[in-house]
Every structure is written in C-alpha cells, then in structure tokens.
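# Observations on chain architecture
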Amino acid sequence: VDANGHLSLRGMGEGYTQVLVNGQQINALSGDVMLDGISMDMIERVEIVRGASASDSGAGIAGTIRIVTRQASGPVERKASVRSEFSPRGAFQHRASLATGGRSQQLEWQINASVTHSEKKTDVMAHEHQDIIGGEEFINSYNGQKQLVRSSQALLAGEVAVRPTRQDRLGLAWTAELSPEKRHTDGDFLYLYEAPSYDSLYEYRSRWRSRETSSPSWTLMPTLRWDHQTQGGGLLQAELGSRQGGGKNSYRYQVLEGRYLGGNAEDSRYRQRDWHSNLKWAQPLSNATRLTMGTQLRTERSTTTYVEGGDSFDEKLKRNTTAAFTQFNWSPSAFWNLEAGLRHEHIALTPSSESGLGTRTQNMWLPSLNIGYSPNALQRWHLQLAKTYRAPKFDDLMAHVRER
C-alpha cells in the first residue's frame, strides 16, 4: 500500500493487481483501487493469490486480492463500538460501528454498519533561495499552503441467506457506501528578486484559494448467489451481481496576482454501472485431485459529464467481457500442491463516439501453472509459470494509424 492508499502486489505498480470484494471487481475500469472506504470491522477475511490463476480474471497479472465482508455463514457477530482518534496536529477521526446477526435451521443473516467522520489539517511552508555571488543575483521565494479536508462516510454491509434444502443455499449479500467530502486550500506565494546592482527590489506576490466539494457519492454492490452441493463433495455455484455508483464534484478556484483577480469553476458528474454473472462447477475426482470449470460474463459502463463555463461534454466507456476457464488441482501430500489452468477471455472496449476510435476487441488465452511447497506452517515456496497470448498483439487500431 503506497502513501496514497493504492494497492499493488510483487512490486508491479498500479493496474496489475486485481481486487475483488465479495467476488466483484472494484478496479476494472480505473485500473487501480483505494480501500480506505472499507471498514476493518466489516471484513471477515482477506485472501491473496500470487500471480495469475485461471479461475480469476486475466486482469490480475501480479495477483488477486479477495476481500470478503462478514457473511451470514461465518461466526455470528453482535457488537457495538465507538472509537475516536486524535493527533497533536489537529487531525481527528470518529467512528461508530454496529454488528448484529442471527441463525436458525433455514435462515441466517448478518448486518454490519458504520459511520465515520474525519478532519485533517495541513500547513506547509516552503522557502527557496538562490545565491550567485559573482553574478550579483539573489532570489528568495516563499510558498505557503494551508489545507483542510473534512470527510464523512456511512457504510452498510451484510448478507441474508436461506437454506431450502440441505444441498442448497441462496444468499443475497450487499455493500453500500455514502461518502461526502469537502476540501479547502488557501495558498500564498511571494517572489523576491534583489541584487546590489539594482536600485529597487522586484517583488511578485499572489494568493489563491480553492474549494472542492464532493456531493454524497454512493456505491451499491448487491450479489445474489446460489450454492448447490452435488454428489461426491462437488459444488455448483451460480452468481448474479451488480455495482452501481455515482456522485458529483464541484471545484472553485480564485487567484489574486497584484491587482488582477481571476479564477475558474468546474463541475463534474459521474455514473458507473457494472453487471456480472458467474457459473462455476468444482468436483473432487479423488482425495488428492479436484477439477473446476466455469464461465463469466461482465458488462461495465461509466459516464462522466464535465461542466465548465456553461459548456458540457461527456466521456463514456463501455467494456464487455466473456470468459471461460478450466482448472485442475492436485495435492499428492500435505506439503505439495499443483494447479494447472487455462482461461480464455474476449474483451470488447467501446469508448465514446467523440473519440473516433470505435470498438476494439481482444482475445486472450492464459495458460498457468502454479506449484506450492509448504514444509511447515511458517514457510511456503511458490513457483509460477504463466503466459498471456493476445490477439491483436499490442495493436492500437485507429481510423488512419496502425501502430505495433
């Protein structure tokens, strides 16, 4: 996790790590992800998959991080907590959380909620000095900036599941977030130029102020999953989920340079709509082997509207992904594990019509081999062989340009 909260695995940087929350991709179109919006009180477990795997998307080149919020099938949580954090520099955070759940023979449920409010102040003063004795040049510049960030967040997550039979389980899981934010920045810049050969002192000064306000941005991620136990210890799983989100940002900037007063204003609205469906079948072939097969369908759409000076324009992006995979696992002993898989993805990316790029398609084959050796509970050796075959090969197809 870097200083900005972005996640990465194996040192490969942003955009190569896939992050799943309850099986849903949360960084598909943006390429990177920040997890400061997920409360630790709501997380049941985190699974880290090193490298590419056939059962996961080909987007996880460096690996996949699976985050699972507290499910109804896990331990029943009944807890309330209040926490306050302060720093000597004036920053603070208050959080209240509540967890409740229950379980019967045919019904199980778990609900988690949290409300957080935080405030952070920064005061930065920078001074630059350039001194050239022979050339009689002396320069001083002072740059001061004060910033105040206030943010709030309401988060609700949980699952309700029914068991109509001993072999079947139907569960509805969800994660909902509401998070407004306000950011105020005041700055002051002073530039002084003086030298013995000059009779007067040259001085340039400017002051600026920016106000950035985010309306309550919202995200809703419901997932409906059906699990059916087959004969021989197998599992048939069907899943249908969605990720809906939106918000509005307002930015105001004012600057005073001498007697000149200027500034600008910009507003933006965004909306993202994702749908996905999965069908997966896992069947043990023996005590040491297991076969997994599945197919996935995902549709992602994002729209951003910018308003500046009375003019507005939209940026739209759509991506459809269909995938099929098969995976074979073999564990000859408690120390060794071998996983061999093959995945195929067909991706169609459609930018906005104003870009003039048109729809671009890509077919990808991903064979992978993972070998793990764990001599004890504290050590694990992992060897991975994976390669992606893409068509076209890194081609950027435009109206008049073909670039390889």
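Below you will find a few notes about this structure. (Residues numbered from 1 in each chain as written. Predicted model: local features only at pLDDT ≥ 70, side-chain atom pairs only at ≥ 80, totals over all residues. Heavy atoms only, no water.)

Turning our attention to the overall build of the protein chain. Counting its regular elements, the protein chain contains zero helices and 20 strands. Across the protein chain, contacts joining residues at least 24 apart in sequence account for 60% of those joining residues at least 6 apart. Total accessible area on the protein chain is roughly 24,100 Å²; 55% of this is exposed by carbon and sulfur atoms. (Helix = DSSP H or I, 4+ residues; strand = E, 2+ residues; numbered from the N terminus. Contact = heavy atoms within 4.5 Å. Areas by Shrake-Rupley, 256 points an atom, 1.4 Å probe, with all protein chains shown as cover.)

Under the defined criterion, the tally for this structure stands at two cavities of 30 Å³ or more. Taken as a whole, the largest cavity encloses approximately 70 Å³ of empty space. Asp-41, Met-42, Arg-70, Glu-77, Lys-79, Ser-97, Leu-98, Ala-99, Asn-112, Ala-113 and Ser-114 are the residues that line the largest cavity. Contributing elements (two or more residues each) for the lining of the largest cavity: strand S6 (92-103) and strand S7 (107-132). (1 Å grid on protein atoms, 1.4 Å probe; cavity = no way out; pocket = protein on both sides within 12 Å on 5 of 7 lines; lining within 4 Å. Points joined across faces, edges and corners; volume = space filled by probe spheres on them.)

Among the surface-exposed residues, Leu-107, Trp-109, Val-160, Val-162, Leu-170, Leu-172, Leu-224, Trp-226 and Leu-240 lie close enough to one another that they form a single nonpolar patch of about 700 Å² accessible area. Those elements that place two or more of their residues in the nonpolar patch are S7, strand S8 (137-162), strand S9 (168-194) and strand S10 (202-229). With respect to the helices and strands, Val-162 occurs in strand S8. (Patch = residues over 30% accessible without salt bridge, like charges linked within 9 Å, V, L, I, M, F, W, Y side chains within 5 Å. Salt bridge = Lys/Arg side-chain N within 4 Å of Asp/Glu carboxyl O.)

Alignment of strand S14 (residues 311-330) against strand S15 (residues 336-351), held across 14 bridges, turns out to be antiparallel. Bridge pairing links Trp-330 to Leu-338 in S15. Here S14 folds back onto S15 in antiparallel fashion, the turn holding five residues. Strand direction decides the pairing type here: S15 and strand S16 (residues 360-376), joined by 14 bridges, are antiparallel. Bridge pairing links Leu-349 to Arg-360 in S16. (Pairing = 2+ DSSP bridges.)

Listed in full, the 10 residues of the largest apolar core are Leu-7, Leu-9, Val-19, Val-21, Ile-26, Ile-43, Ala-62, Ile-65, Ile-67 and Met-221. Contributions of two or more residues to this core are made by strand S1 (17-21) and strand S4 (63-69). (Core = buried A, V, L, I, M, F, W, Y, C linked by side-chain atoms within 4.5 Å. Buried < 20%, exposed > 50% of the residue type's maximum accessible area, 1.4 Å probe, protein only.)

Let us now look at the packing of aromatic side chains. Per the stated rule, a full pass over the model turns up one aromatic pair. Look at Trp-336 and Tyr-373: their rings are 4.5 Å apart centre to centre, the planes differ by 35°, and that puts the pair in the tilted class. A residue pair is termed long-range when its members are at least 10 positions apart, and Trp-336 in strand S15 and Tyr-373 in strand S16 qualify at 37 residues. Residue class for Trp-336 comes out partly exposed when judged on its relative accessible area of 41%. Its relative accessible area of 28% is what places Tyr-373 among the partly exposed residues. (Phe/Tyr/Trp six-rings, centres within 6.5 Å; stacked < 30°, edge-to-face > 60°.)

Among the secondary structure elements, Gln-244 is positioned in strand S11 (residues 235-257). On the basis of relative accessibility, which here comes to 13%, the residue Gln-244 falls in the buried class. Ignoring anything within four residues of it in the chain, the contact list for Gln-244 reads Trp-218, Thr-219, Leu-220, Arg-271, Gln-272, Arg-273, Asp-274 and Trp-275.

One non-glycine residue, Arg-10, lies in positive phi territory at about 55°. If you trace the backbone, Arg-10 turns up in the segment before S1. Overall, the relative accessible area of 54% leaves Arg-10 in the exposed class.

Looking now at the pattern of salt bridges. Counting across every chain of the model gives 17 salt bridges. The closest approach of N and O atoms between Arg-209 and Asp-186, which form a salt bridge, is 2.9 Å. With a gap of 23 residues between them, Arg-209 in strand S10 and Asp-186 in strand S9 connect regions that are remote in the sequence. For Arg-209, a relative accessible area of 44% corresponds to the partly exposed category. The closest approach of N and O atoms between Glu-345 and Arg-343, which form a salt bridge, is 2.8 Å. Residue class for Arg-343 comes out buried when judged on its relative accessible area of 2%. Put simply, Arg-103, Glu-108, Glu-159, Arg-163 and Arg-169 are held in one network by salt bridges that share partners.

Geometric values such as these leave the question of function open.
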